[in-house]
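Structural overview for review
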Amino acid sequence: MPTFEVARSMILSSVSPLGVERVELMAALGRVVAEDVTAPWDLPVYDNSAMDGFAVRAADCRVGGSLRITGYIPAGGAATPGIEPGCAVRIMTGAPIPPGCDAVVPVEETEPTDDAVLLRERVKHPQHIRFRGEDVRSGDTVVSAGAILRPPEISMLASFGKATVPVHRRARVAVLSTGDELIELGEQPGSGKIINSNALSLAAAVREIGAEPVILGIARDNRESHREKMAEGLKADALITSAGVSAGDRDLVRDCLAELEVRQLFWKVDIKPGGPVAFGMKEGKPVFSLPGNPVSTMVTFEELVRPALLKMMGHRRVIKPYVQATLRGEVHKKPGRVHFVRVRIEVENGVHWATSAGDQNTGILGTMLRANGIAVLPKEKTVFSPGEEVAVHLLHGDVGMLEE
Ligand code: AMP
Ligand code: MG
């Protein structure tokens, strides 16, 4: 039975980034750039004013002196021809600097007269000019392969007229639920029947990381139904099944995957919840068999599936960094397994505090809703005292979102 870290490494070394497609800039938000993008021109494109004021020749300027105004260039206007000695051109932010000018005097540092401008402060060249190419030179790499497209990357690419961008494909992830007890959303649960909520929680988790869920519905507890649905699922880039992976006589998932020539790399990991999880590969596609208990399903997705799907979509940093959080209360666990403890993290004066989010029984879904982190507690340690630090994976967002 692999340890948590070994299981995660086995999964990560089995999967590789998917192919590349070109998509429109806005559709690329959150996706990973697949090839270096270079600048086709300089940025800024031309020398321009950083202030509303007057374009001048610094050598003509002295405090208390005045310059004759011979022109006006608004933003969007064309540069005027060069200026005569002793003159100034009124200029707005972003407008091109006229040839010969080497400084801009902000309007706040001048006093206007009818057709001249009086200088109140010392003028140093090349003040308040943004020079052509000072940000980016033509040919520079502006966004590197592996970068995640966030608004700043979108801004950079848009500045260079890049209407489309090469990105890694989004993973299409098939989600298959198994079990005779399941009914679909919209039906009425009754004795022995529960709603197939895992299909929705998994699809949501898949979508949350930018992948594309394909909900396959329910495989009933017989081999034909399993095989039929699984064969369908193996057409996607990855298959996630839930339930039917323990040792019960109706737990058919592993057997049926084997019949479909999915090569099992492991079954059972020394973690809790999620112990019975299995992982296999077929023709480069990963198959994750998660336990059916809704909490176990979500936690194993978070800790084992999410990093793999991110890697497939070209992400480079796929394992969440741990946040060190200080326990408010005591936490106990049994030895022998890594425990994923659902915690509530609060940030006070820059310190992360962790409190148990409630009953840690895997049947308690409510605790999952109160949690905004998963404390990953090491295998052999059993008692964690108040004031002790634990390693936490934050859920659904970042630290900035924790303060209320
Ligand atoms: P199993 O591994 O098949 O024994 O299922 C473990 C537990 O998870 C059982 O209590 C199931 O009722 C529950 N479960 C299985 N599949 C789902 C599902 N798709 N949605 C919600 N709960 C489920
Ligand atoms: Mg079952």
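An account of the accompanying structure is given in this report.

What about the overall build of the protein chain?
When its secondary structure is counted, the protein chain shows seven helices and 28 strands. At 30 Å, the protein chain has a C-alpha radius of gyration far larger than the 22 Å of a compact globule built from 404 residues. Considering only C-alpha atoms, the protein chain reaches an extent of 95 × 50 × 40 Å along its principal axes. Taken across its 404 residues, the protein chain has 48% of its residues classed as buried. Carbon and sulfur atoms provide 51% of the accessible area of the protein chain, an area that totals close to 19,400 Å². Seen as two clouds, the 46 positive and the 51 negative side-chain charges of the protein chain have centres 4 Å apart.

Some points on the site of ligand 1
For ligand 1, the set of nearby residues contains 16 residues, the closest of which are Glu-181, Asn-196, Gly-244, Gly-292 and Asn-293. Separating a nitrogen atom of ligand 1 from a backbone N or O atom of Ser-197 is a distance of 3.2 Å. Look at ligand 1: alone it shows 490 Å² of surface, and the protein chains cover 73% of it. Of all the secondary-structure elements, those providing two or more residues to the shell around ligand 1 are β13 (172-178), β15 (194-195) and α3 (197-208). Grouping the constituent residues of the shell around ligand 1 by class yields five nonpolar, nine polar and two charged.

What about the sheet that holds strand β8 (residues 110-112)?
Spatial ordering of the open sheet is given by β7-β4-β6-β5-β9-β8, a layout of six strands whose pairing is mixed. Every other strand in the sheet has two partners, leaving β7 (103-106) and β8 as the edge strands with one partner each. Within this sheet the neighbouring strands show an average axis-to-axis angle of 40°, counted without direction. Pairing of β8 with strand β9 (residues 116-119), which is carried by three bridges, proceeds in the antiparallel orientation. The partner of Thr-110 across the bridge, within β9, is Leu-119.

Things to note about the packing of helix α1 (residues 4-14) against helix α6 (residues 294-312)
For the pair α1 and α6, the least separation of the axes is 9 Å and the interaxial angle reads 25°. Comparing the axis directions of α1 and α6 gives the class roughly parallel. Between α1 and α6 the crossing geometry is right-handed. Contact residues: Phe-4, Ala-7, Arg-8, Ile-11, Leu-12 and Ser-13 in α1; Glu-303, Leu-304, Pro-307, Ala-308 and Lys-311 in α6. When the residues that make up the contact of α1 with α6 are grouped by side-chain class, the tally is seven nonpolar, one polar and three charged.

Brief notes about the pattern of salt bridges
In this structure the tally under the stated criterion is 18 salt bridges. Here Glu-348 and Arg-328 are joined by a salt bridge, their closest N and O atoms 3.2 Å apart. Placement of the pair is Glu-348 in strand β24 (residues 338-348) and Arg-328 in the loop between β22 (323-327) and β23 (331-332), with a sequence separation of 20 residues. On the basis of relative accessibility, which here comes to 34%, the residue Arg-328 falls in the partly exposed class.

What to know about helix α4 (residues 223-233)
Taken residue by residue, α4 has Ser-225, His-226, Met-230 and Gly-233 as its buried positions. Relative to the axis of α4, the buried residues are bounded by an arc of 120° and lie together on one face. What points out from α4, more than 90 degrees from its buried face, is the exposed set Glu-224 and Glu-228. Against the buried residues of α4 lie β13, β16 (212-219), β17 (238-242) and α5 (253-259). For α4, the capping residue at the N-terminal end is Asn-222, with a side-chain oxygen 3.3 Å from the backbone nitrogen of Glu-224.

Considering the sheet that holds strand β21 (residues 285-290)
On the basis of which strands lie adjacent, the open sheet formed by six strands has the order β16-β13-β17-β21-β20-β18 and mixed pairing. Looking at strand neighbours, the two that pair on one side only are β16 and β18 (263-267), the edges of this open sheet. For this sheet the average axis-to-axis angle between neighbouring strands, irrespective of direction, equals 20°. When strand β20 (residues 278-282) meets β21, the two strands line up antiparallel, connected through five bridges. Among the inter-strand pairings, Ala-278 is bridged to a residue of β21, identified as Ser-289.

Let's talk about the state of the cysteines
Taken as a whole and judged by the stated rule, the model has zero disulfides. No disulfide involves Cys-61; its sulfur sits 9.4 Å from the nearest other cysteine sulfur, which is in Cys-101.

Re the packing of aromatic side chains
Scanning the model with the defined rule gives four aromatic pairs in all. Their ring planes at 35° and their centres at 5.8 Å tell us that Phe-266 and Phe-279 sit as a pair that is tilted. Taken together, the positions of Phe-266 in strand β18 and Phe-279 in strand β20 put the pair 13 residues apart, joining distant regions of the chain. Under the relative-accessibility criterion, Phe-279 is labelled buried at 2%. Taken together, a centroid distance of 5.3 Å and an interplanar angle of 40° make the contact between Phe-279 and Phe-288 tilted. Like Phe-288, Phe-279 is buried. Members of the aromatic cluster, each reached through a chain of ring pairs, are Phe-266, Phe-279 and Phe-288. Directly above the ring of Trp-267 sits Lys-268, whose terminal nitrogen or CZ lies 4.4 Å from the centroid. Over the face of the ring belonging to Phe-384 we find Lys-381, whose NZ or CZ atom lies 5.1 Å from the ring centre.

About the criteria used
- Each chain has its residues counted from 1, running along the sequence as written.
- Ligands are numbered from 1 and chains lettered from A, in the order in which they are written.
- Per-residue local features are limited, in this predicted model, to residues with pLDDT of at least 70; the limit for side-chain atom pairs, both in listing and counting, is 80 or more; totals at the level of whole chains, interfaces and linings are taken over all residues.
- To obtain the side-chain values, all non-hydrogen atoms of the structure were included, while hydrogens and water were left out.
- Numbering of helices and strands runs from the N terminus, with a helix taken as a DSSP run of H or I at least four residues long and a strand as a DSSP run of E at least two residues long.
- Computation of the radius of gyration draws on C-alpha atoms, with the globule rule given as 2.2 Å multiplied by the number of residues to the power 0.38.
- For every residue, the accessible area obtained with a 1.4 Å probe (protein chains only) is divided by the maximum for its type, and the residue is called buried under 20%, exposed over 50%, and partly exposed between those limits.
- Calculation of accessible area relied on Shrake-Rupley with a 1.4 Å probe; when residues are assessed, cover is drawn exclusively from the protein chains displayed.
- For the purpose of charge, His is not counted, nor are the chain termini; Lys and Arg are scored as positive and Asp and Glu as negative.
- By convention, the charge on Lys lies at NZ, on Arg at CZ, on Asp at CG and on Glu at CD.
- When we say a residue is near a molecule or strand, we mean one of its heavy atoms is within 4 Å of it.
- Nitrogen and oxygen atoms within 3.5 Å of one another constitute a polar contact, given that in protein one can donate a hydrogen and the other can accept it, and given that sequence-neighbouring residues count only through two side-chain atoms.
- All amino acids are sorted into three groups, where Ala, Val, Leu, Ile, Met, Phe, Trp, Tyr, Cys and Pro are nonpolar, Asp, Glu, Lys and Arg are charged, and the leftover types, Gly among them, are polar.
- When DSSP locates at least two bridges between a pair of strands, those strands are taken to pair.
- Angular values range over 0 to 180 degrees, each being the angle between N-to-C directions of two axes fitted as lines to C-alpha atoms, with helices fitted over their stretch in contact.
- What sets the label is the angle itself: under 35 degrees gives roughly parallel, over 145 gives roughly antiparallel, 65 to 115 gives roughly perpendicular, and the rest give oblique.
- Crossing chirality is assigned from the near helix's rotation relative to the far helix, an anticlockwise turn below a right angle marking it left-handed and a clockwise turn marking it right-handed.
- Contact between two residues is taken to exist if any of their heavy atoms lie within 4.5 Å; hydrogens are not considered.
- Basic side-chain nitrogens of Lys or Arg form a salt bridge, by our definition, when they fall within 4 Å of a carboxyl oxygen of Asp or Glu.
- As used here, the arc is the angular range of directions from the helix axis to the C-beta atoms.
- The disulfide criterion used throughout: a pair of cysteine sulfur atoms within 2.5 Å.
- A pair of aromatic rings is counted whenever rings of Phe, Tyr or Trp (Trp by its six-membered ring) have centres within 6.5 Å, and the orientation is called stacked for planes under 30 degrees apart, edge-to-face for over 60 and tilted otherwise.
- Distance and angle both matter: a charge sits over a ring if NZ of Lys or CZ of Arg is within 6 Å of the ring centre and within 35 degrees of the ring normal.

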